[in-house]
Amino acid sequence: PTPTPTPPPYVPGGRITFQSDRSGNLEIMMMGLDGANPVNVTNSPSSDQDPSWCGDETIAFASDRNGGLEIYLLSTEGTALAMLTDGSGPNFSPACSPSGGQIAYVSSGGGDDEIYVMNPDGSSQQRLTTHGATDNFPAWSPDGSKILFVSDRDGNREIYVMNADGSDQNNLTNNASMDAVPA
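As a starting point, this report considers the structure included with it. (Residues numbered from 1 in each chain as written. Predicted model: local features only at pLDDT ≥ 70, side-chain atom pairs only at ≥ 80, totals over all residues. Heavy atoms only, no water.)

What follows concerns the environment of S63. Assignment of secondary structure puts S63 in strand 5 (residues 58-63). Using a relative accessible area of 0% as the deciding quantity, one classes S63 as buried. Residues S63 and S44 lie 19 residues apart in sequence; the distance between their C-alpha atoms is 9.6 Å. A distance of 3.4 Å separates a polar side-chain atom of S63 from the backbone oxygen of S47. One polar contact links S63 to D48, side chain to side chain, over a distance of 2.5 Å. (Helix = DSSP H or I, 4+ residues; strand = E, 2+ residues; numbered from the N terminus. Buried < 20%, exposed > 50% of the residue type's maximum accessible area, 1.4 Å probe, protein only. Polar contact = N/O pair within 3.5 Å; in protein donor to acceptor, adjacent residues only side chain to side chain.)

What follows is about the pairing of strand 5. Most of strand 5 sits inside the fold, with five of its six residues counted as buried. In this structure, the hairpin formed by strand 4 (residues 48-53) and strand 5 is closed by a connection of four residues, where G55 is found at a positive phi of approximately 85 degrees. As defined by bridge partners, strand 5 adjoins strand 6 (residues 70-75) across six bridges and the pair is classed as antiparallel. The residue of strand 6 that forms the bridge with A60 is L73. With antiparallel pairing between neighbouring strands as the criterion, strand 5 and strand 6 make up a hairpin whose turn holds six residues, including G67 at a positive phi of roughly 105 degrees. (Pairing = 2+ DSSP bridges.)

So yeah, pure geometry; function would need other evidence.
Written as structure tokens, this is what we have:
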């Protein structure tokens, strides 16, 4: 049998996580900043996607390993897997806050994509957007006080910002072209 490579050690700012289909299906991979030592950390026959660092040693991601698309948390060693969402999805696009204290994500369990937040153990799930439009691609501000997201509530995809509690939602772009995937 082929030995499983060991993930590169943690060096602050020294690893990249990404999704790849190099094994035949989407997997969460990790490698050094120089591209060295790519390692499959999920190694599952399921589709694993949308990785987001949650602190130094854990990665949030979406997977269909339980039948539907749900949010999971995994240690960087590929152990301690926990399903955080409850099957009411599909749930996807997790984005961990800079402090690691909350995870923003998208759920379309109510019929359209809406932004939610939860604690890193899956508790306190709270819906932040409620416009009956497609709201997705959450991204935290560097200080964790705001969440950027994309919405088509005004007719086409635009960048919005809201407080981390969902209040004060404002359109930042307003033009005839599509704007998406804020960071």
